[in-house]
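The lines below spell out each chain.
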Amino acid sequence: MRLRKLDLIRYGKFADTTLDFGAADRDCDVTIVYGDNEAGKSTAFAAWLDLLFGLPSPTPHSFRFPRKDMMIGAVIETGTDTLTLRRTGVQKDSLSDDQGRAVAEHRLTALLHGLDRDAYQNRFSLNDAILRQGGEEIARAQGDLGQLLHAGTSGLSGISKALDDLDDEVATFHQKRKSTSRLAIAKRDLKEIETNLSSARVDPRRFDALRADQDSAQEALIAARATLLSAQGAVQLRKAADLGRSLAADIAAVQTRLDSVLDGPDLPVDAVALIVAATERRSAASRDLTRQQDRLTQAETALSNLTPDPDGLTLGTLLAELETATFDDGELLLPRVQTATADIARRRNDHDTYSRTLQALADKISAGSAPNTLLLDRAVLDNLRTAAGGMRDAQRSVADLHAALSEAQAALGPEIAAPNGLPELADALLACQRDTTDPTMLARTARSARLTADRAASGLPQSWRETLPAGLPAGLPDDAVLLNTGRALDLAEARQDAARQNLSETQESLADANAARAAAEAQDSAVTDGAIHQSRINRDTAWARHLPVLDTDSATTFEVAMRQDDTLRDRHAATAEGRLQLATLEAQCQQIKAKVDRRANDLTTAQNIVATARDHVDDVARQLGLPDNSPTGALRPRRAALVAALDAALLADAAEDAARQGTAMRATLLQRLETAVQNTGTPLPDHPDHPGHLLDLAERRHKHLTQQAQQAEARTKSAQGLDQLAHRMSAAQTTATQAQTALDAALIGLWCAGWDADRVLAHLPDLDTLAEQHRARAVLAHRIDALEAALAAFEGSASQMRQILEVGADTPPAALLVAARTRAAKARSVADALATHRNTRTDATTHITDATRTIQDCDDEMAEVLANQILPRDATPAVAVRQLEARDRDRATLRGLTSAQQRAGDGLDADALLAEAAITDPLRAPALSAAVTEAEVARDTALERVGQATEALRLALNATGGADLEQQRATLLETLRDDAQQAFARLMGVQAARGALRRFRQDNRGAMLAATEAAFATLTHGEWQSLETRSMGKTEKLVAMRGGEAVGADAMSTGTRGQLYLALRVAGHADFVARNGPLPFVTDDIHETFDDRRASAALDLAAQMGRLGQTILFTHHQHLVALAQDRIDGVRVLSVS
Amino acid sequence: MRFLHAADLHLDSPLRSQALRNPDLAARLHAASRSALARIVDAAIDHKVDALLLAGDVFDSGVVDLTSRAALAAEMGRLARAGIPAALIRGNHDALLDFARYGPIADNVTLLDADAPTLRIGDASIHGLGFSTRHVTSSMLPLYPQPEPGRINVGLMHTSLGGSAGHDRYAPCAEADLLAHGYEYWALGHIHQRFERRSDTSLAVMPGIPQGRSIRETGAGTATLVDIDLNGIRATEVPIALLRFVRQGVDLGGADSQAAVIDILSQTLQSARQDDCDIALRLDLQGGDTLTGDPAFARTLADEAAQGISGVYVEAVRLAPGQTRTPPGTLADLAAIMAQDIATPGFRDEATALLAEWQKALPRDIADTLAPDQLDDLMQQGLDIALARLTGGAPDA
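Residues numbered from 1 in each chain as written. Chains lettered and ligands numbered in written order. Predicted model: local features only at pLDDT ≥ 70, side-chain atom pairs only at ≥ 80, totals over all residues. Heavy atoms only, no water.

J.: What's the story with the overall build of chain A in this structure? I'm lost.
T.: Across its full length, chain A holds 31 helices and 13 strands. Taken across its 1137 residues, chain A has 40% of its residues classed as buried. Of the contacts formed within chain A by residues at least 6 apart in sequence, a portion of 76% connects residues at least 24 apart. Carbon and sulfur atoms provide 52% of the accessible area of chain A, an area that totals close to 61200 Å². (Helix = DSSP H or I, 4+ residues; strand = E, 2+ residues; numbered from the N terminus. Buried < 20%, exposed > 50% of the residue type's maximum accessible area, 1.4 Å probe, protein only. Contact = heavy atoms within 4.5 Å. Areas by Shrake-Rupley, 256 points an atom, 1.4 Å probe, with all protein chains shown as cover.)

Printed below as a string of structure tokens:
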């Protein structure tokens, strides 16, 4: 990964600020970023980290822009690709590309090869504080030195945390004796579910229990019912016995009452009701008889006091006829009589006034004429108005047109001819004026473009244009492809070199290890375990042979074997350390051998990649017309040259075409103009030496002809207007003649025949008024006639009324009517009273007859009901019938008691009943009832139990049962199954990773120490030649050799410790780059405490790093910039301000 | 004549899937097998069948609960009210069909057995035999009545036929013998995957389980509607299942971001939707590289993809082994060392001991999850998870 460009778009105090680190086209990729204190170097440094890992929360750089608006951009080269990224301050999906599309974090994580923010910052982006802190850690020998050497430097610093996380996840699921693990919780949940399940399920055993309970309850119910039946029988027996005794007493009492009353047959069923009803009806009839007799007497008296008035009734009839009399027009007579009486005199005056007005108008129109002779109806007047008006309008129109015609004839001048060829001349002239083509300029431009194209193609083969594919530049490989292809080859070759170097170094290590092992093996002190074992066998064998014989030879043999064995054991014991060293060396040889194999594989892989990349480069080179094995640097220049040459050639071609077409077009237009001028009849000079002269001549001619054409057109339009006026004059005269004819026709036969239009129009208003007044007078005369007719009609009836009322003819109609109405009303009142009293008399007579008949009927009915009864003396029928009714009731009671006495023992054991009747204990009945109650309670309890048992079984069977819980259990188990697998797999992964990590660190420890040693020597100008590790009990500490003396890190100065820490990180960076590819190494003012000598050494080291990958040094010291430019060839300097 | 044929209801046997962790789905699938039975009865009524045939394993021997029997009685009562009889035989799970102990199911239900092997309905004679023993090792076919001439003969048999993986061997019977027995239709049961066998004159149908219970039962979940008339014998599937289990391989090759992975998974889930039932989808992922190297993280992505998609639920996510590829460099070296280490006897011994300890800690029902034969897979899976985590492919999951 390489940082090409860092865009501080909105970050800290920066806005749209770019740090461009340029292309990686130098041998040494070192950039110094210089800026004064507070210029923002540290901010830019922080921006780089925030881009890689996201903005921390809270961020100290949100003082200018709110966090959500903050944005950092970067262009990052990945070795095979270029990523353009944006990082914002939003919480989610803060990483995007330059188009705003979300980019997964893992794209960066993969490029960082597992480094997290802390690891990157501590190992590969150092500042002075980190250097000091790191140095102190070395001095205090804190932590694991192996980890210090490798964590971060190897890119594995984030692993521990990742593995710790995995460990936590495993422990979250299951850990021995941990009660809050998911597994423990789930097992408790399972237990609870299973407990609930056993109570929810209706298994066969529970079913059987419920059924047994139900059966038991049924049996208990049957027993309770039997007990109840028995108790109820005893009570029944007791009741029968008691009832028998009670009935006998009642019968005796009733018989006694019957013996004391009168005899006779039983009354009919409704005897009492009949007697009561008849008695009431008879009483009511008697009261009615009395009342009707009173009414009859009163009516007779009233009739004798009233006298009828027949004349009054006649007046009423006459009044009724008058009040309903109407005229033909539907109007009532009496209102009109009243109107006539009040208005008729005034209306006769109005009629006279009209007659005088009409005569005055007649005199005005024609003196001495009677109004009736001058009357014209409305249609005639309208006809005269139209004809006279038309005549007057026609006369006025003729006069107006005559004046206009005379004026136009005076204004018309002599005739003018139109010019020839003007439109053609105008078109040709306009075409020439619009054409701005300058053939001379076009030709000059074409020549210039061609020269430019020739220059652009210089250096290219002669036939370059023929060999290019069509559609350029699209047919050429894209510039980015060329860049990437070249870079891929360069990178592959760099990796190949690195792999070769690694292999060589590892082979050397192997040779050294083999040599060390051979040296160890060559030492004669090496006694193997096998030799020891064999010597012991030899000694035991010799002893076994000696024991049976106990002779000298065997004793000697045993002694030799024993001594050899002892000697060998002594040597074995003395060389234990050598054997251990040999075993260690052998193990090291095997490990390094394995490493050699891996490195050889790496080299083969790198060589294959180089070959593939070379093939790609050759393919691209051939497309650009370059030979195979061309350097990658030639690709992009060649492409640029081809594109530039082709662009220039195409421009030249276009310019030449434009020049040719422009010249031809201009000539055609001038020729057309010349012809047009000649066609207007204008002679041309013999040799128009310049097109400008022709244009001037044509313009002058066009102007002159245009004026001539305008004059001719105006004269033509005036002549046309004169003709139109003459035509309109003739038409107006015709109209006037027609109007006169119409007026004459309208006047024929009228008293005013022969009048002209003006006289007619002058008298028309008077004639209109005359006609209107005449109509009004006629209407008034008609009304007067109607009033007079009403008075006459009234008088016909009024005379009879005056006669009856005995009043004179001078009595006004109103007074007459009032008197008549009063007399008629009184007569009607007397007549009505007479009728009423006569009706009353008739009605009362009828009622008296009916009441008398009703009284007789009631007496007959009562006699029939009480027939054959012996009645008490002086008793009314109502009283008597009630006594007889009581007698009949006693007779019925006696019959019922006798019957009940007979039924009381039915269905019972006669003996038992007899025995029960013999018992006279008063507590016997309550005791038996209590037994029944007790049996009923027992029966109800049993019944309830049966119901409960049945319901329990029903509810159990109708419940969901254990289905839901079973499902819960199954789901929990399935979840647990998956979680268990994943947790155990994680456990395996963690175990394997931790073991592998230990081996990895052990394997690489030596190489890291050597690299650190070299970097430290460079930084100290060789003052410190080597580094070693020393055991400190369970830990180790780092010591450096200076002048043959070992100095612990704790004894070094702070500056030296910082240098040592820097050396560690530089070595780590080199190792990381070798393993994972380039990664920017960034420092922020770490040289601040270095003197110039140390700073020079640090810059030399930076130069070495720059050859492996990108190195960025932030500083605010101007002298360091100068020093860097002096010591680092090709260093790039950027300024921050 | 028209029949509806189903078998292997396994009433109240629970569904075994993590998909039911989703509370909505769990609520909808409440008593799923009972709902499936209700759907079967609905179908019988809707299609106006002459009889419902249930060819064994109405119940599940793992769930001995009389409420299951009550549920069956309720549904058969509904069937009776529609005037439809039902014929049943015992399967190897049907202890609850013991009429002598628990009483009859309903008036319209006839349990066919050796004492009364034939039920006549209209023109059809329905023959069936069931046994009360859990294991029947010999063929029951010779015990079946001979076909009745002039009538439609239908046989109900619970049998493993020639044998089927994952199913007990029960009343084995050769298919050819079955088809040659002279019955027009054989309503079979026992094997949970549907299939048909046909000869010129006979059709035998194994209808499969109507409601699959786990990812091992991925059938369509149907009952079989059978029409037998002059035009021959026709069998049609009638959808029953409320939830179908489906395995779906997903190739994530080319997905270069988590968003792209989610997009592919979302499309997969969308395309799996069905109108008539919910889907529990087992996703077998391949090619996801470091994006999905950790199954837990892959599950998180799948759950994210399932957001807003109704009717489809993630049953589980499985990754092809060896998915995680590390870029050349330190991690690749580390990965190689890890691969070497787990193959060493020392590591295996330690892992085996741990596995035994963990297996002991698990509930007995799922102890097989960490059986010794699982060790290789678990170690490989662990390697993939660790590498995925170390390469940063999976953030904290």
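J.: I keep staring at the interface of chain A and chain B and nothing clicks. Help me out?
T.: For an interface, size is often stated in terms of accessible area lost upon the parts coming together. Listed by partner, the interface residues are 68 residues for chain A and 70 residues for chain B. Here chain A and chain B share an interface that buries about 5800 Å² over both sides, 62% of which is from carbon and sulfur atoms. At the junction of chain A with chain B, the criterion picks out seven salt bridges. Between Asp-368 of chain B and Arg-977 of chain A there is a salt bridge, with its nearest N and O atoms 3.3 Å apart. For the pair chain A and chain B, the interface holds 15 residue pairs in polar contact (both at pLDDT 80 or more). Contributions of two or more residues to the side of chain A that touches chain B are made by α2 (105-112), α6 (157-173), α7 (182-200), α8 (204-259), α27 (924-958), α28 (963-1019) and α29 (1054-1076) of chain A. In terms of residues, the side of chain A that touches chain B owes the most to one element, α28 of chain A, which gives 31 residues. Of the residues assigned to the side of chain A that touches chain B, the class counts are 31 nonpolar, 18 polar and 19 charged. (Buried area = accessible area lost by both parts, 1.4 Å probe. Salt bridge = Lys/Arg side-chain N within 4 Å of Asp/Glu carboxyl O. Polar contact = N/O pair within 3.5 Å; in protein donor to acceptor, adjacent residues only side chain to side chain. Nonpolar A, V, L, I, M, F, W, Y, C, P; charged D, E, K, R; others polar.)

J.: Is there a simple way to think about the pairing of strand β11 (residues 1081-1084) of chain A in this case?
T.: When a strand is regular, its side chains alternate between the sheet's two faces. All names here are of chain A. Residues Phe-1081 and Thr-1083 point to one face of β11 and Val-1082 and Asp-1084 to the other, with burial holding for every one of them. Of the pairings in the sheet, the one linking strand β7 (residues 125-127) to β11 comprises three bridges and is parallel in character. Each bridged residue has a counterpart across the sheet, and for Asn-127 the counterpart in β11 is Asp-1084. Both β11 and strand β12 (residues 1111-1115) contribute to a ladder of four bridges, which runs parallel. The partner of Asp-1084 across the bridge, within β12, is Phe-1114. Running through helix α30 (residues 1092-1108), the crossover from β11 to the neighbouring parallel element β12 is right-handed. (Pairing = 2+ DSSP bridges. Right-handed = clockwise from strand over helix to strand, strands pointing away.)

J.: Would you mind going over empty space enclosed by the protein with me for this structure?
T.: The rolling of a water-molecule-sized probe over the atoms marks out the regions of remaining empty space. Residues and elements named next belong to chain A. The final tally for this structure, using the stated rule, is six cavities of 30 Å³ or more. The wall of the largest cavity is formed by Leu-1062, Val-1066, Phe-1081, Thr-1083, Ile-1086, His-1087, Ala-1098, Leu-1101, Ala-1102, Met-1105, Thr-1111 and Leu-1113. For the lining of the largest cavity, the secondary-structure elements that each account for two or more residues are α29, β11, α30 and β12. Each residue belonging to the lining of the largest cavity can be placed in one class, and the counts come to nine nonpolar, three polar and no charged. (1 Å grid on protein atoms, 1.4 Å probe; cavity = no way out; pocket = protein on both sides within 12 Å on 5 of 7 lines; lining within 4 Å. Points joined across faces, edges and corners; volume = space filled by probe spheres on them.)

J.: Help me understand the pattern of salt bridges in this model?
T.: Side-chain pairs of opposite charge can arise where the charged atoms are in close proximity. Residue and element names in this part refer to chain A. Counted according to the given criterion, the structure contains 88 salt bridges over all chains. With a shortest N-O distance of 2.8 Å, Arg-281 and Glu-861 are connected by a salt bridge. Pair noted here: Arg-281 is in helix α9 (residues 271-304) and Glu-861 is in helix α24 (residues 813-865), with a separation of 580 residues, a long-range link. Owing to a relative accessible area of 32%, Glu-861 belongs among the partly exposed residues under this scheme. The network of salt bridges with shared partners includes Arg-2, Arg-4, Asp-29, Glu-77, Arg-487 and Arg-1132.

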